[in-house]
Amino acid sequence: MPVARPETSDSRIIAHVDMDCFYVQVEQRKQPHLRGQPTAVVQYNSWKGGGLIAVGYEARKDGVKRSMRGDEAKKVCPQIHLVQVPVARSKADLTIYRNAGSEVVSILSRKGRCERASIDEVYLDLTDAAEAMLKETPLESLESIHEEVLKSHVLGLTLNGNNDKEIVREWLTRRDADHRDKLLACGAIIVAELRLQVLKETEFTCSAGVAHNKMLAKLASGMNKPAQQTIVTLSSVKGLLEPLPIKKMKQLGGKLGSSLQTDLGVNTVGDLLQFSVEKLQDLYGANTGTWLWNIARGVSGDEVEGRLLPKSHCSGKTFPGVQALKSIAAVEKWLKELCEELSERLQLDLETNKRVAHTLTLHANAYKSTDTDSHKKFPSKSCPLRYGAGKILEDSVNLFQAALREFLGSYTNPADCGWGITNLSVSASKIVAVPSGTSTITKYFHGQDRFQPSLEPSDEKLAPEDDTLSPSTSHQTECGGQQTQITHDTSTFDQNETTCKDDVCLTSKHHEPQPRLSQKESNINDGKRSYEHKRKATKEKGTSSILRFLQTNSCSSSKQETICLSSGVQEGLNIESEALTESQNARRANTWRYNADEIDQSVVEELPPEIQEEVRTWLRPQKQANTVKRGSSIAHYFSPNRN
Ligand code: TTP
């Protein structure tokens, strides 16, 4: 649910920093000969050259898009270099990207509160730094301003193409500017410095938005890419928001946005302005109504959270087409791999950051080959997390079996064939710091006795042991205290083109709000749900001194590595491509070339939050209303009536 937080102050200075073509930059740093060359990173699935997951700006100029597969990219740009994502345990291994993101975070966090929003995105609260700068040096007396600051795009400022930097300089140093604009100017200076520092220390370029709140900063960061920054002045907010399609607003990409469109005829943020707060509250409830009224006016009190580490860890894999797992033994084999990876990451987090995770959740997508109810989703299951790969595996297998029984219903024996798993993942959430004062980690664990659920902290809402395996009615994974609904697909997938992160502004933290609608309204909406189709056109405006800096600075080659793919992985993937029928291929080609069922869950978990949300939207059953699961306790499965 969105939370209608009033602005704590309209003079906050918030930046949203977004790395440019991030995976490509990481690969180019590793292999410096790729610098300046058209490059893309492809999924490890090599079918038709692999799905592109990151496209460098040189390749974008030649018309390469993320929605393409490698083969198609080669057609439009024959000289393109396709780098395959690293692979470990026969699945994408994102460690190098995660670590590269951490390098950036450690630099950005030097100037203010920093929230790591995704693998390549960060929010910064620079209010104190900006206030301090303003106190120390009145802007009008600044003698020199770095070129990078002068290249800022100031929304609402009219440029003429001749002396743009001078115009920006004047704006930055106006003696009569109001206090909030002066703070924004300081924010722009600080962010430019930080971006240059990131470049110097990591060789990565990034883009940024600077505004008075997170929502506006996020909207702005993608407006001028790569390696540029955009400032949202107060006076520009109305002009920025009014024409914006409603579905591009944070948290409006799904049901709530659809309801606004179909029920109220609201297509742009400007359309929303005609509704009073009372009307919106009547329709959507006090909180959501107020929130909608606020965001239409650019008001959002969301705080930068001060979190440098991820909220959860997830390890997953997809099994598209003929690779679907069709026996419990096959599922167990893969769960072993996934649980080992998860356990390693948990262990590292524990040792490095002194953090422990409390909840283990199993998610899967599945189909029933014989069932008419093809949209029935595979329930996610959670239980208290016990450390150690063996224990995680044991619990995951139990969770899987309980979920499978529920998925199949009372009359089907799980041992029978007729079901397939197309996506499987395990995640660890509710990660908290080991309480300070605990002298050793081991002591902490002994003291907690993590194997007795009743001793877990009370806010965990833990059930007795048997109940931990009983299906939860809400199927939610809890991350950092926030409720995140995980929905899963069954046998069919919406095959929509992927959308760009700057097209839709959603975060997993503030998950898709559920509009309060009548049953009739909700049916109408289910039927009319539509999705974003187009990735925003590549943004390559402006030349950038930061890029020039990059071109003149050769990279250290010490970090060069060669990416090795196990031939076994390749073979498996080839089988899939051969097994796809002509009609399947034709259907895929006609609909969406990047198939939802090829997206690795672990990749999804690492995506920018709004992309995660978008992907989950595709993965949702097409027409299924939110239903509460019934008759699904563990006892039910072991009842004498069952086979
Ligand atoms: P994005 O920030 O969406 O894109 P980007 O950094 O590649 O490019 P841009 O300059 O336009 O911001 O995604 C960050 C990384 O996340 C991206 O480099 C690769 C990964 N990713 C995927 O693996 N799959 C996807 O579908 C998307 C959208 C991103």
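Preceding this section is the structure that the text describes.
1. Notes on the sheet that holds strand E2 (residues 39–42)
Taken together, the 3 strands give an open sheet; going across it, the order is E3-E2-E4, and neighbouring strands pair in mixed fashion. With one partner strand each, in any of the chains shown, strand E3 (52–55) and strand E4 (81–84) form the two edges of the open sheet. Neighbouring strand axes in the sheet, compared pairwise and without regard to direction, differ in orientation by 30 degrees on average. With 3 bridges joining them, E2 and E3 adopt antiparallel strand pairing. In the sheet register, Val41 faces E3, and the bridge partner there is Ala54. Each of E2, E3 and E4 touches helix H1 (residues 22–30); the most contacted strand, E2, lies at about 105 degrees to it.

2. Comments concerning the sheet that holds strand E13 (residues 355–368)
Spatial strand order, E12-E15-E13-E14: 4 strands in an open sheet with antiparallel pairing. Two strands lie at the open edges of the sheet, namely strand E12 (313–318) and strand E14 (381–384), each paired on one side alone. Across the sheet, the axes of successive neighbouring strands diverge by a mean angle of 15 degrees, strand direction being ignored. In the packing of helix H16 (residues 389–408) onto the sheet, the strands contacted are E13, E14 and strand E15 (419–433), and the crossing angle to E13 comes to about 35 degrees.

3. As for the nonpolar core
In this structure, Tyr23, Tyr97 and Leu124 are the most contacted members of the largest nonpolar core, which totals 57 residues. Phe319, Val356, Ala366 and Ala403 belong to the second largest nonpolar core, which has 35 residues in total.

4. Topic: the pattern of salt bridges
Applying the stated criterion to the full structure yields 30 salt bridges. Among the salt bridges present, the one from Lys30 reaches Glu27, with a minimum N-O distance of 3.4 Å. Residue Lys30 and its partner Glu27 are both found in helix H1; the two are separated by 3 residues, about one turn of the helix. Here the two residues Lys30 and Glu27 agree in accessibility, since each one is buried. Arg110 is paired through a salt bridge with Glu201; the nearest N and O atoms lie 2.8 Å apart. Placement of the pair is Arg110 in the loop between helix H4 (95–108) and strand E7 (113–118) and Glu201 in helix H8 (residues 179–202), with a sequence separation of 91 residues. What makes Glu201 partly exposed here is its relative accessible area of 37%.

5. So, helix H5 (residues 127–136)
Of the positions making up H5, those classed as buried are Thr127, Ala129, Ala130, Met133 and Leu134. Each buried residue of H5 lies within a common arc of 165 degrees when the element is viewed along its axis, so the set occupies one face. Turned more than 90 degrees from where H5 packs its buried face, Asp128, Lys135 and Glu136 sit exposed. Along its buried surface, H5 packs onto strand E8 (121–125) and H8.

6. Details of H8
Taking 1.5 Å of rise per residue, 24 residues should cover 34 Å, and H8 covers 34 Å from first to last C-alpha, within 8% of that figure. Most of H8 sits out of view: 17 of its 24 residues are buried. Its side-chain oxygen placed 2.7 Å from the backbone nitrogen of Arg180, Asp178 serves as the N-cap of H8. Taken from the residues just after H8, Glu203 is the one with a positive phi, measuring 70 degrees.

7. Thoughts on the packing of aromatic side chains
Scanning the model with the defined rule gives 7 aromatic pairs in all. The ring of Tyr57 is capped by Arg60, whose NZ or CZ atom sits 3.9 Å from the centre of that ring. The aromatic ring of Trp293 is capped on one face by Arg297, whose charged end is 3.8 Å from the ring centroid.

8. Remarks on the side chain of Lys151
With respect to the helices and strands, the residue Lys151 is situated in the loop between helix H6 (147–150) and strand E9 (153–154). Here Glu148 takes part through its side chain, which lies 3.3 Å from a polar atom of the side chain of Lys151.

9. Digging into the packing of helix H13 (residues 277–284) against helix H14 (residues 286–296)
Contact geometry of H13 with H14 gives a least axis separation of 7 Å together with a crossing angle of 140 degrees. Considering the angle they form, H13 stands oblique to H14. The way H13 lies across H14 gives a crossing that is right-handed. Together, Val277, Leu280, Gln281 and Tyr284 of H13 and Ala286, Thr288, Gly289, Thr290, Leu292 and Trp293 of H14 make up the contact between the two elements. Partitioning the contact of H13 with H14 into residue classes produces 6 nonpolar, 4 polar and no charged.

Calculation rules
- Residues numbered from 1 in each chain as written.
- Predicted model: local features only at pLDDT ≥ 70, side-chain atom pairs only at ≥ 80, totals over all residues.
- Heavy atoms only, no water.
- Pairing = 2+ DSSP bridges.
- Helix = DSSP H or I, 4+ residues; strand = E, 2+ residues; numbered from the N terminus.
- Axes fitted to C-alpha atoms, helices over the stretch in contact; angles between N-to-C directions.
- Contact = heavy atoms within 4.5 Å.
- Core = buried A, V, L, I, M, F, W, Y, C linked by side-chain atoms within 4.5 Å.
- Buried < 20%, exposed > 50% of the residue type's maximum accessible area, 1.4 Å probe, protein only.
- Salt bridge = Lys/Arg side-chain N within 4 Å of Asp/Glu carboxyl O.
- Arc of directions from axis to C-beta.
- Expected span 1.5 Å × (residues − 1).
- Polar contact = N/O pair within 3.5 Å; in protein donor to acceptor, adjacent residues only side chain to side chain.
- Phe/Tyr/Trp six-rings, centres within 6.5 Å; stacked < 30°, edge-to-face > 60°.
- Lys NZ or Arg CZ within 6 Å of the ring centre and 35° of its normal.
- Parallel < 35°, antiparallel > 145°, perpendicular 65-115°, else oblique.
- Left-handed = near helix turned anticlockwise from the far one by under 90°.
- Nonpolar A, V, L, I, M, F, W, Y, C, P; charged D, E, K, R; others polar.

These figures capture arrangement, not role.
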